[in-house]
Amino acid sequence: MSTRPRAVLFDRDGTLVVDVPYNGDPDAVRAMPGAAAALERVRAEGVPVGVVSNQSGIARGLLDAGQVEAVNARVAELLGPFAVWRWCPHGSDDGCACRKPAPGMVLDAAAALGVEPADVAVIGDIAADVGAADAAGARAVLVPTAATRREEIEDAAARGILADDLAGAVTLLGFRPSGSAL
């Protein structure tokens with residue numbers, strides 16, 4: 001890939017934390033393996049990190065905004081501070097501009113961080129994350145989980161944006177491994 005991004009946005013569920021569908025319980029939050037170390041590698045180079053997350057459980061009546069905020073606070077408690085949080089409360093049929101794969105959250109987060117979308121990378125586990133990055137003009141990296149469809153993995157591999165894990169994702173973006181020399 002080209003130069004290192006000036007900001008990195010992460011999907012929340014399935015990327016930073018274990019996906020618990022429509023989770024409104026902070027006590028159910030568990031960090032994904034390697035999430036803390038990957039975030040630290042990015043932060044150590046002075047690059048801000050943020051979160052962009054679809055939260056359709058609100059539209060479905062399964063969650064409220066307070067529960068999403070409580071879960072986000074637990075994520076930050078486990079994984080450290082994030083420079084920006086953006087989440088979409090809409091359902092897939094609402095036609096909003098923020099729900100991934102639409103670019104709204106990525107564009108808004110980039111603006112809040114004072115960087116151009118082309119200087120942002122988005123790391124996620126499904127095609128909607130990659131699609132949001134593409135639509136915003138940002139870079140994408142796919143880190144598959146059990147929820148990732150085979151065709152999404154094949155597409156990411158063909159594009160050179162596939163990583164086995166979060167450590168591989170930040171390496172692909174140009175961040176040095178922990179403890180490496182300048």
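Here the structure is shown first, and the text comes after it.
Numbering of residues starts from 1 in each chain and follows the order in which that chain's sequence is written. Only residues with pLDDT of at least 70 get local features here, since the model is predicted, and only at 80 or more are side-chain atom pairs given and counted; chain-wide, interface and lining totals rely on the full set of residues. Remark: hydrogens and water are excluded; side-chain values derive from all non-hydrogen atoms of the structure.

Undergrad: Is there a simple way to explain the state of the cysteines in this structure?
TA: Put plainly, a disulfide is one covalent bond tying together the sulfur atoms of two cysteines. Pairs of cysteine sulfur atoms within 2.5 Å are identified as disulfides in what follows. In total, this model carries 0 disulfides according to the counting rule given. The closest cysteine sulfur to the non-disulfide-bonded Cys 96 is located on Cys 98, 3.6 Å from its own sulfur. There is no disulfide at Cys 98, and the cysteine sulfur nearest it, in Cys 88, is 3.3 Å away.

Undergrad: Where do I start with unusual backbone geometry in this structure?
TA: Where the residue is not glycine, phi is negative for most of them; where a peptide bond is considered, it is trans in most cases. Each neighbour pair has its own omega, and for Lys 100 with Pro 101 the value is 20°, a cis peptide bond. Helix and strand assignments follow DSSP, with helices taken as H or I runs no shorter than four residues and strands as E runs no shorter than two, numbered in order from the N terminus. Residue position: Pro 101 is located in the loop between β3 (84-88) and α3 (104-113).

Undergrad: Would you take a moment to explain the layout of surface pockets for this structure?
TA: Empty space among the atoms becomes visible once a probe the size of a water molecule is rolled across them. Its volume calculated, the largest pocket comes out at about 430 Å³. Here a cavity means grid points, on a 1 Å grid over the protein atoms only, where a 1.4 Å probe fits yet cannot get out; a pocket means an open set of points with protein on both sides within 12 Å along at least five of seven lines; lining residues are those with an atom within 4 Å of a point. Along the wall of the largest pocket there are 21 residues; nearest its centre are Asp 13, Asp 19, Asn 54, Ser 56 and Ile 126. Elements represented by at least two residues in the lining of the largest pocket include exactly β2 (49-54) and α4 (127-136). Tallied by class, the residues present in the lining of the largest pocket amount to 6 nonpolar, 6 polar and 9 charged. Grid points are joined across faces, edges and corners, and a volume is the space filled by probe spheres set on the points. We call Asp, Glu, Lys and Arg charged. Ala, Val, Leu, Ile, Met, Phe, Trp, Tyr, Cys and Pro are nonpolar, and the rest, Gly among them, are polar.

Undergrad: What exactly am I supposed to notice about the sheet that holds β2 here?
TA: Across a sheet, strands are paired by hydrogen bonds formed along the backbone, either parallel or antiparallel in direction. Overall, parallel pairing links the 5 strands, which are arranged β3-β2-β1-β4-β5 in an open sheet. Edge strands, defined here as strands with exactly one partner in the open sheet, are β3 and β5 (139-142). Across this sheet, the average inter-strand angle for adjacent strands is 20°, counted without regard to direction. Following DSSP output, two strands are said to pair if at least two bridges run between them. With 3 bridges joining them, strand β1 (residues 7-10) and β2 adopt parallel strand pairing. The partner of Val 8 across the bridge, within β2, is Val 49. Comment: axis = line fitted to C-alpha atoms, over the contacting stretch for helices; angle = value between 0 and 180 degrees taken between N-to-C directions.

Undergrad: In this structure, what is going on with the pattern of salt bridges? I would like to understand it.
TA: Where side chains of opposite charge bring their charged atoms close, a pairing between them can arise. Whenever a carboxyl oxygen of Asp or Glu lies within 4 Å of a side-chain nitrogen of Lys or Arg, that contact is scored as a salt bridge. Scanning the entire structure with this criterion turns up 12 salt bridges. Put simply, Lys 100 and Asp 129 hold a salt bridge, and the shortest N to O gap is 2.6 Å. With Lys 100 in the loop between β3 and α3 and Asp 129 in helix α4, the pair connects residues that are 29 residues apart, well separated along the chain. Exposure classes here rest on a 1.4 Å probe applied to the protein chains alone. A residue is buried below 20% of its type maximum, exposed above 50%, and partly exposed in between. Given a relative accessible area of 4%, Lys 100 falls into the buried group. Note on Asp 129: relative accessible area 3%, which makes it buried. Salt bridges sharing common partners tie together Arg 4, Glu 45 and Arg 176.

Undergrad: Explain the side chain of Arg 12 here, please?
TA: Turning to its location among the elements, Arg 12 is positioned in the loop between β1 and α1 (35-44). For Arg 12, a relative accessible area of 1% corresponds to the buried category. For Arg 12, the side chain forms a polar contact with the side chain of Asp 13, separated by 2.8 Å. Among residues more than four places away in sequence, those in contact with Arg 12 are Val 17, Asn 23, Val 51, Val 52, Ser 53, Gln 55, Val 68, Val 71, Asn 72, Val 75 and Trp 85. Under this definition, polar contacts are N or O atom pairs within 3.5 Å; protein pairs additionally need one hydrogen-donor-capable and one acceptor-capable atom, and for neighbouring residues in sequence, both atoms have to be side-chain atoms. Two residues form a contact once any of their heavy atoms are found within 4.5 Å.

Undergrad: Mind showing me how you'd approach the nonpolar core here?
TA: Taken as a class, soluble globular proteins show a tendency for nonpolar side chains to be buried jointly. The biggest cluster of nonpolar side chains holds 27 residues, and the ones touching the most others in it are Val 8, Phe 10, Leu 16, Leu 79, Phe 82 and Ile 123. Secondary-structure elements contributing two or more residues to this core are β1, α1, β2, α2 (65-79), β4 (120-124) and α6 (166-172). The element contributing the most residues to this core is α1, with 4 residues. Residues within four places of Phe 10 in sequence aside, it is in contact with Thr 15, Leu 16, Leu 39, Val 49, Gly 50, Val 51, Val 52, Ile 123 and Leu 166. What we call a nonpolar core is a set of buried Ala, Val, Leu, Ile, Met, Phe, Trp, Tyr and Cys residues that are connected through their side-chain atoms within 4.5 Å. Formed by 24 residues, the second largest nonpolar core is a distinct cluster that contains Leu 9, Val 122, Ala 138 and Leu 142.

Undergrad: Honestly, the packing of aromatic side chains in this entry has me stumped. Any pointers?
TA: Aromatic rings in a pair are described by how distant their centres are and how their planes are angled relative to each other. Think of it this way: a Phe, Tyr or Trp ring, Trp meaning its six-membered ring, pairs with another when their centres are within 6.5 Å, and the plane angle makes it stacked under 30 degrees, edge-to-face over 60, tilted otherwise. All chains considered together, the criterion is met by 1 aromatic pair. Aromatic pair Phe 82 and Trp 85: ring centres 5.1 Å apart, planes at 70°, arrangement edge-to-face.

Nothing here speaks to function; it is geometry throughout.
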